[in-house]
Amino acid sequence: MNADTIARRIVEDARRAAQETVDAANARAEEARKAAVAEAEKKREAALARADEEAAKQRETFLRMAELDQRKAMLAMKRDMVDSAFDRALEALVAMPVERARAVNLRLLQEAAEGEMELVICQADEAIFSEEFLAEANRILAARGARVRLAEARKPSRGGFILRRGGMEISCEYAALIAQLRPQWEADVAQMLFQ
């Protein structure tokens, strides 16, 4: 073998070894690239899953908030309707015909009057609390040892009256009576309105 052949063989072996080294490096680089792509895909999928999960949580939160707002609005509407029903009841009491108002107020007097008391009324209600009404009331109250007389002072609101003795006052005004009875009646009124 001559030196040229040996040199060619060494160069070829070196080229082959270099090519094998390059091929091995390329294969490792390709494996590293594939691993990096797989890792990036895994991270992307995890990020998407987290984003989907967060979006679902936010959607659920927004839905709950919307439902709560809707319930609040419905409750406010129902409250307004109940308030309106009690307001109309008061208006109906105030607008009663005189004879009916006399009967209602006579009954209220029988339940509330004790001893000697002043009857404070509204100027607009004077037709209800006439001389005849007072005579009838005192005739009925006498059996219980009670008596009322019309006060000179007038109250500002219509409907019902105030009984006064000394520093004590008993309000038998329609608005006060409805306010007193409202807690007992409110559930029934709501049930009638919303069934």
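Every residue gets a number counted from 1 within its own chain, in the order that chain's sequence is written. Whole-chain, interface and lining totals are the exception, using all residues; otherwise, since this is a predicted model, local features are given only for residues with pLDDT of at least 70 and side-chain atom pairs are given and counted only at 80 or more. Side-chain calculation: all heavy atoms of the structure are included, whereas hydrogens and water are not.

- An unreviewed UniProt entry lists the protein under the name V-type proton ATPase subunit E, with Candidatus Alectryocaccomicrobium excrementavium given as the organism.
- UniProt positions are given in the numbering used here, feature names are shortened, and annotations may be inferred rather than shown by experiment. Within the UniProt record for the protein, the comment given under Sequence similarities (unreviewed entry) is "Belongs to the V-ATPase E subunit family."

**Some points on the pattern of salt bridges**
Step number 1: Salt bridge, as used here, is a side-chain nitrogen of Lys or Arg placed within 4 Å of a carboxyl oxygen of Asp or Glu. According to the stated counting rule, one finds 17 salt bridges in the structure shown.
Step number 2: A salt bridge links Glu173 to Lys155; the shortest N-O distance between them is 3.6 Å. Of the two residues, Glu173 is situated in the loop between strand S4 (168-171) and helix H4 (174-194) and Lys155 in the loop between strand S2 (147-154) and strand S3 (162-165); the sequence distance between them amounts to 18 residues.
Step number 3: Buried means the residue's accessible area, taken with a 1.4 Å probe over protein chains only, is under 20% of the maximum for its type, while exposed means over 50%, and partly exposed covers the values in between. On the basis of relative accessibility, which here comes to 16%, the residue Glu173 falls in the buried class.
Step number 4: When salt bridges with common partners are traced through the structure, they connect Arg79, Asp83, Arg182 and Glu186 into a single cluster. In this description a helix means any DSSP run of H or I spanning at least four residues, a strand means any run of E spanning at least two, and both kinds are numbered starting from the N terminus.

**Describing the packing of helix H2 (residues 98-112) against helix H3 (residues 131-142)**
Axes are the key here: two packed helices are described by the angle between their axes and the distance separating the axes.
Step number 1: Each axis is a line fitted through C-alpha atoms, taken for helices only over the stretch in contact, and angles between the N-to-C directions span 0 to 180 degrees. Two numbers describe how H2 lies on H3: the axes approach to 10 Å, and their chain directions differ by 35°. Crossing geometry of H2 relative to H3 is assigned as right-handed. Residue-level inspection shows Arg102, Asn105, Leu106, Leu109 and Gln110 of H2 in contact with H3, the latter providing Phe133, Glu136, Ala137, Ile140 and Leu141.
Step number 2: The classification used treats Ala, Val, Leu, Ile, Met, Phe, Trp, Tyr, Cys and Pro as nonpolar, Asp, Glu, Lys and Arg as charged, and all other residues, Gly among them, as polar. Classifying every residue of the contact of H2 with H3 by side-chain character gives six nonpolar, two polar and two charged. Definitions for this section: a left-handed crossing has its near helix turned counterclockwise from the far helix by less than a right angle. A right-handed crossing has that turn clockwise. Residue contacts are defined here by distance: any two heavy atoms, one from each residue, within 4.5 Å place the two residues in contact.

**What about a nonpolar patch on the surface?**
Step number 1: Each patch is assembled from residues with relative accessible area greater than 30% and no salt bridge, linking like charges that lie within 9 Å and nonpolar side chains (Val, Leu, Ile, Met, Phe, Trp, Tyr) that lie within 5 Å. Values of accessible area rely on a 1.4 Å probe in the Shrake-Rupley scheme; residue burial ignores everything except the protein chains shown. Among the surface-exposed residues, Met74, Met77, Met81 and Leu193 lie close enough to one another that they form a single nonpolar patch of about 310 Å² accessible area.
Step number 2: The biggest single contributor to the nonpolar patch is helix H1 (residues 3-94), with three residues.
Step number 3: For Met81, the location among the structural elements is in helix H1.
Step number 4: On the basis of relative accessible area, Met81 is assigned to the partly exposed category, the value being 32%.

**Concerning the environment of Leu150**
Step number 1: Residue placement: Leu150 occurs in strand S2.
Step number 2: Looking at Leu150, the relative accessible area reads 29%, which means it is partly exposed.
Step number 3: For the pair Leu150 and Glu173, spaced 23 residues apart in sequence, the C-alpha to C-alpha distance is 15 Å.
Step number 4: With near-sequence residues (within four places) excluded, Leu150 lies in contact with Leu119, Ile121, Phe129 and Leu134.

**Things to note about the UniProt feature "coiled-coil region" (unreviewed entry) in the protein**
Step number 1: Mapped onto the present numbering, the UniProt feature "coiled-coil region" (unreviewed entry) falls at residues 15-57.
Step number 2: From the first C-alpha to the last, residues 15-57 spans 61 Å; its make-up is 100% helix and 0% strand.

**A short note on H2**
Step number 1: An expected span of 1.5 Å times one less than the residue number is assigned to each helix. The terminal C-alpha atoms of H2, which comprises 15 residues, lie 21 Å apart, in line with the 21 Å expected from a rise of 1.5 Å per residue.
Step number 2: Buried residues of H2: Ala101, Val104, Asn105, Leu106, Leu108, Leu109 and Ala112, and no others.
Step number 3: Summarising the contacts, the buried residues of H2 are in contact with strand S1 (116-121), H3, S2, S3, S4 and H4.

**Comments concerning the sheet that holds S1**
Within a beta sheet, neighbouring strands are joined by backbone hydrogen bonds and run either parallel or antiparallel to one another.
Step number 1: For two strands to pair, DSSP has to find at least two bridges joining them. Spatial strand order, S2-S1-S3-S4: four strands in an open sheet with mixed pairing. The sheet is open, and its two edges are formed by S2 and S4, each paired on a single side. Shown here is a sheet whose adjacent strand axes are inclined to one another by a mean of 30°, direction ignored.
Step number 2: Alignment of S1 against S2, held across five bridges, turns out to be parallel.

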